[in-house]
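Residue-level listing of the chains:
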Amino acid sequence: MNFWCHGHRNCSLLSWLASLLGWSLPIVSEMVSNWYCSFGKCCATGDCRVTNNITGLDLDLSRRLHGQHLVKHVVLKAVQGFLETPEPEKALTLSFHGWTGTGKNFVARMIAEHLYQDGLKSDCVKVFISLFHFPHSKYVDIYKVQLAKEISETVQLCEQSLFIFDEAEKLHAGLLDAIKPYVDHYDSINMVNYRRSIFLFLSNTGANIINEVALDFWRAGRDREEITMEFLEPYLRTELMEATDKDYTHNGLLKDNLIDFLVPFLPLEYRHVKLCARDAFLVRGLPFTEEALDEVARMMVFVPKEEKLFSAQGCKSVSQRINYFIP
Ligand SMILES: *[C@@H]1O[C@H](CO)[C@@H](O)[C@H](O)[C@H]1NC(C)=O
C-alpha cells in the first residue's frame with residue numbers, strides 16, 4: 001500500500017478519483033504522490049521515498065557490522081559528505097572489496113534501508129547481479145540497452161537513486177561502458193541529472209591482498225584496528241589495476257578515476273563470527289548461551305592452515321546455522 005493512502009485524510013478522495021477513472025487505487029495514489037513530490041513539498045528531502053537517515057546508518061554500522069572499522073569510516077564519510085553537498089560534481093561511486101561473507105551485501109542493504117523509506121524494495125533502488133541479470137555475454141548489446149534504459153528511467157523517477165552491482169567482477173566490459181556516462185562528470189544527459197545518484201560495486205577482487213595485509217598485522221602482533229586506509233589503499237589499488245581478467249573486471253572505472261572510494265572488507269576472526277551468531281539469536285528473539293555462540297563459530301572453517309585465524313566464509317550462513325541450537 002502506498003504511504004500516501006495510509007490512514008491519510010485524502011484517502012477517500014483518492015478512492016473516489018480512482019473509481020471515477022476506473023483505475024486501481026494504488027496506481028492513482030502513486031500518481032498523485034509523484035505529482036505532489038515533484039513540487040518538493042513532500043518531505044524535508046523533497047521526496048518521501050528518500051529518508052537519508054545518517055544517524056541511523058551510523059548506529060547500524062556500529063551495532064551490526066563486526067570487525068570492519070575501515071568500512072564504517074569510509075562509508076559514513078563518503079555517503080554523508082555526498083548527501084550534504086548541494087551540487088555534487090558527479091554521482092557517488094563506491095567499490096566494495098573483500099572475501100565472501102565479510103559484509104558487502106549487508107552494508108549495501110543498510111545503506112538502502114537508511115537512505116530510502118522502503119529500503120531495497122524502494123523504486124529508487126535497483127540491484128543488478130551480474131550472472132543473474134546479464135548471464136550470457138553474447139547478449140551484451142541487448143543488456144547494454146536495457147541497463148541504460150533502467151538507469152535512466154529510475155533517475156527520472158527519483159533524482160537520488162541507488163544502483164547496486166553485485167558480483168561486479170563478473171560484469172562484462174561492454175556493460176561497464178554503458179554505466180560510464182552516468183557516473184562521469186556530465187552536467188546532464190538528455191536533460192536528466194545523474195549526479196545525485198549513488199552506485200555501489202561489490203566484488204571479491206582484491207580480497208587476497210586485503211587478507212594478506214590483515215594477516216601480516218596479526219603476525220606482527222598488531223591490532224587489526226591499526227590498519228589504516230592510508231596504509232591499505234595503495235596495495236589494494238595496485239592489485240585492482242593489475243587484475244588480469246580484462247573483460248570481466250570493473251577496473252575500467254578505476255582507471256578512468258570514476259571510483260570515488262575503495263572500501264576494503266577485512267577477513268573475519270573467530271570473535272567476529274561469534275558476534276554474528278549473537279545477532280542472529282537476538283534478531284529471532286531466541287535465548288542463547290556463550291557455549292552456543294562458540295559452537296556456531298566452531299562450525300566454520302578457519303584459514304590459513306597453520307594459524308586458523310580467518311573464517312573462510314566470514315559470517316555467511318551463520319544465521320541458518322543457529323537452527324541447530326533451537327530446541
Ligand atoms: C533514524 O534512525 C534512527 C535509528 O534507527 C531512528 O531512531 C530515528 O528515528 C531515525 N530518524 C528518522 C528521522 O527517521
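Provided above is the structure to which this section pertains.
Because the structure is a prediction, the values reported are computed rather than measured. (Residues numbered from 1 in each chain as written. Predicted model: local features only at pLDDT ≥ 70, side-chain atom pairs only at ≥ 80, totals over all residues. Heavy atoms only, no water.)

A. Inspection of the site of the ligand at higher detail. Taken together, the neighbourhood of the ligand is formed by Asn53, Gly56 and Leu59. Within the side chain of Asn53, an N or O atom sits 2.3 Å from an oxygen atom of the ligand. Protein contacts shield 30% of the accessible area of the ligand, which totals 360 Å² for the unbound molecule. (Near = heavy atom within 4 Å. Polar contact = N/O pair within 3.5 Å; in protein donor to acceptor, adjacent residues only side chain to side chain. Areas by Shrake-Rupley, 256 points an atom, 1.4 Å probe, with all protein chains shown as cover.)

B. Representation of the pattern of salt bridges within the structure. Under the criterion given, the structure shown has 18 salt bridges. For Glu159, the salt bridge identified is with Arg196, shortest N-O distance 3.7 Å. Of this pair, Glu159 sits in the loop between helix H7 (140-157) and strand S3 (162-166) while Arg196 sits in the loop between helix H8 (173-183) and strand S4 (198-203), and the two are 37 residues apart along the sequence. When its relative accessible area of 39% is taken as the criterion, Glu159 is described as partly exposed. The partner of Glu226 in a salt bridge is Arg222, and the shortest N-O contact between them spans 3.0 Å. Among the residues examined, Glu226 registers a relative accessible area of 38% and is labelled partly exposed. Arg222 sits in the partly exposed class, given a relative accessible area of 40%. Within the structure, one salt-bridge network assembled from shared partners comprises Asp47, Arg49 and Asp123. (Salt bridge = Lys/Arg side-chain N within 4 Å of Asp/Glu carboxyl O. Helix = DSSP H or I, 4+ residues; strand = E, 2+ residues; numbered from the N terminus. Buried < 20%, exposed > 50% of the residue type's maximum accessible area, 1.4 Å probe, protein only.)

C. Quick look at the packing of aromatic side chains. Throughout the structure, instances matching the rule amount to 13 aromatic pairs. Ring centres 6.3 Å apart and planes at 80° place the aromatic pair Tyr139 and Tyr143 in the edge-to-face group. For Tyr143, a relative accessible area of 8% gives the class buried. Relative to Phe231, the ring of Phe217 has its centre 5.4 Å away and its plane inclined at 70°; by these criteria the two rings are edge-to-face. Taken together, the positions of Phe217 in helix H9 (residues 207-219) and Phe231 in helix H10 (residues 229-241) put the pair 14 residues apart, joining distant regions of the chain. Owing to a relative accessible area of 6%, Phe217 belongs among the buried residues under this scheme. For Phe231, a relative accessible area of 35% corresponds to the partly exposed category. (Phe/Tyr/Trp six-rings, centres within 6.5 Å; stacked < 30°, edge-to-face > 60°.)

D. Inspection of the packing of helix H12 (residues 270-283) against helix H13 (residues 290-298) at higher detail. The interhelical angle for the contact between H12 and H13, taken along N-to-C directions, is 120°, at an axis separation of 8 Å. With respect to H13, the element H12 is oriented oblique. Judged by the sense of rotation from one axis to the other, the crossing of H12 with H13 is right-handed. Contacts from Tyr270, Val273, Lys274, Ala277, Arg278 and Phe281 in H12 reach Glu290, Ala292, Leu293, Asp294, Val296, Ala297 and Arg298 in H13. Among the residues making up the contact of H12 with H13, the classes are represented as eight nonpolar, no polar and five charged. (Axes fitted to C-alpha atoms, helices over the stretch in contact; angles between N-to-C directions. Parallel < 35°, antiparallel > 145°, perpendicular 65-115°, else oblique. Left-handed = near helix turned anticlockwise from the far one by under 90°. Contact = heavy atoms within 4.5 Å. Nonpolar A, V, L, I, M, F, W, Y, C, P; charged D, E, K, R; others polar.)

E. Focus on the state of the cysteines. Evaluation of the coordinates by the stated rule reveals two disulfides. Here Cys124 is linked by a disulfide to Cys158, with a sulfur-sulfur distance of 1.8 Å. Linking Cys124 in the loop between helix H5 (104-115) and strand S2 (125-129) with Cys158 in the loop between H7 and S3, this pair joins segments that are 34 residues apart in sequence. Each member of the pair, Cys124 as well as Cys158, is classed as buried. In this model Cys276 forms its disulfide with Cys315; the gap between the sulfur atoms is 2.0 Å. When the S-S torsion is 85°, as for the bridge of Cys276 with Cys315, the disulfide is right-handed. Of this pair, Cys276 sits in helix H12 while Cys315 sits in the loop between strand S7 (310-311) and helix H14 (318-321), and the two are 39 residues apart along the sequence. Each member of the pair Cys276 and Cys315 is classed as buried. (Disulfide = S-S within 2.5 Å.)

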